[in-house]
Amino acid sequence: MLFPSIVYGPIRSRRLGVSLGVNLMPTTAKLCSFDCVYCECGWNQPVSHPQLPTRQQVREALASNLSPFASSPQIDVITFSGNGEPTMHPDFLGIIQDTCALRDQYCPNAKVSVLSNSTQLGRQDVVEALRLCDNRILKLDSAIDSTMRLIDQPVNHQLTVAQVMEWLRIFDGDFTLQTCFLRGEYHGQVIDNTTPHELQAWFQAVDSLHPKQVMIYVIDRATPLQTLEKIPAEQMQAIAEPLRDKGIDVIVSV
Ligand code: SF4
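Residues numbered from 1 in each chain as written. Predicted model: local features only at pLDDT ≥ 70, side-chain atom pairs only at ≥ 80, totals over all residues. Heavy atoms only, no water.

A. Highlighting the site of the ligand. Close to the ligand lie K30, C32, F34, D35, C36, Y38, C39, G84, N117 and K139, which account for all nearby residues. Looking at side-chain class alone, the shell around the ligand contains five nonpolar, two polar and three charged residues. (Near = heavy atom within 4 Å. Nonpolar A, V, L, I, M, F, W, Y, C, P; charged D, E, K, R; others polar.)

Dropping the structure here:
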């Protein structure tokens, strides 16, 4: 499923409420630094000259989509997500600055949120942009390298969990940690980030990062890898329970 425009919705998001979506990636193909086995946009496709929207095009599209909502509080959140990883856009910082200004003008109560896979946090401009947002929703699908690589298929094969965690620490806990739990098989390798061994490492990572919120979810739509299985709701609640016992705000989307 690809989003055919820069701005889409508003849609009712199971995790965020009424959301106006923003897609900074091409409208014809997914472009991402991960190639997650569960990605609702499908697998990465080779694109020789990806056409990204310009900062001005994004500003204009947002202004025309936000202005009708100026007098009614129908939008809870402006969400950067779309056909790939939004922070890969070279003008991400400027686009977030524009978005915050347009939000203040038209929908001052709406939050600005970014769903990100955390891979661009080594860039100072991306960190600066994310600090301007109300919600930084940052991915860590496993605290074990081999599982992270199996699930997320990073384009950079050198990426490690330790590196991602070091980047996440920049926010000193002021972010939402997002994790997709799933089971399946990929080229004969078992995928399961719900085993006791996996969860022990993941709980330790959560403890160490102390995010202000944890968002855990299951696959919801068609995935490019057909063998994936949805984790039952009771098991997801059981994963959330030890965190809630420690006072951590956990959102479970099943
Ligand atoms: S990070 Fe998001 S957009 Fe990128 S492959 Fe994974 S699910 Fe898809």
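Here the narrative resumes, following the displayed structure.
B. Looking closely at helix α2 (residues 92-106). An ideal rise of 1.5 Å per residue puts 21 Å on 15 residues; α2 measures up with 21 Å between its terminal C-alpha atoms. Among the 15 residues that make up α2, 11 are buried, leaving the element largely enclosed by the rest of the structure. Listing the buried residues of α2 in full gives F92, L93, G94, I95, I96, D98, T99, C100, L102, R103 and Y106. On the buried face of α2, the contacting elements are α1 (55-66), β3 (77-81), β4 (111-116) and α3 (124-132). (Helix = DSSP H or I, 4+ residues; strand = E, 2+ residues; numbered from the N terminus. Expected span 1.5 Å × (residues − 1). Buried < 20%, exposed > 50% of the residue type's maximum accessible area, 1.4 Å probe, protein only. Contact = heavy atoms within 4.5 Å.)

C. Structural context of the side chain of E85. Looking at the secondary structure, you find E85 in the loop between β3 and α2. There is no salt bridge for the buried E85, and the closest opposite charge comes from K139, which lies 7.5 Å off by N-O distance. Separated by 2.8 Å, the side chains of E85 and S116 make a polar contact. Those residues in contact with E85 that sit more than four places away from it in its chain are M25, L31, C32, S33, L115, S116, N117 and Q120. (Lys, Arg positive; Asp, Glu negative; His and termini not counted. Salt bridge = Lys/Arg side-chain N within 4 Å of Asp/Glu carboxyl O. Polar contact = N/O pair within 3.5 Å; in protein donor to acceptor, adjacent residues only side chain to side chain.)

D. Structural detail: the pairing of β4. In terms of burial, β4 is largely enclosed, as five of its six residues are buried. Relative to β4, β3 is paired through four bridges, and the arrangement is parallel. Along β4, the bridge assignment pairs T79 with S113. With α2 bridging β3 and the parallel β4, this β-α-β connection has right-handed handedness. Handedness of the β4-α3-strand β5 (residues 135-139) crossover: right-handed. (Pairing = 2+ DSSP bridges. Right-handed = clockwise from strand over helix to strand, strands pointing away.)

E. Spotlight on the environment of A61. Residue placement: A61 occurs in helix α1. A relative accessible area of 17% means that A61 is categorised as buried. Those residues in contact with A61, other than ones at most four positions away along the chain, are I6 and V7.

F. Representation of the nonpolar core in the model. Counting residues in each nonpolar core, the largest one holds 82 residues, and the members touching the most others are Y38, W202 and I216. Filtering out sequence-adjacent residues up to four positions away, Y38 remains in contact with K139, D141, I151, D152, C180, L182, Y217, I219, T223, P224 and L228. (Core = buried A, V, L, I, M, F, W, Y, C linked by side-chain atoms within 4.5 Å.)

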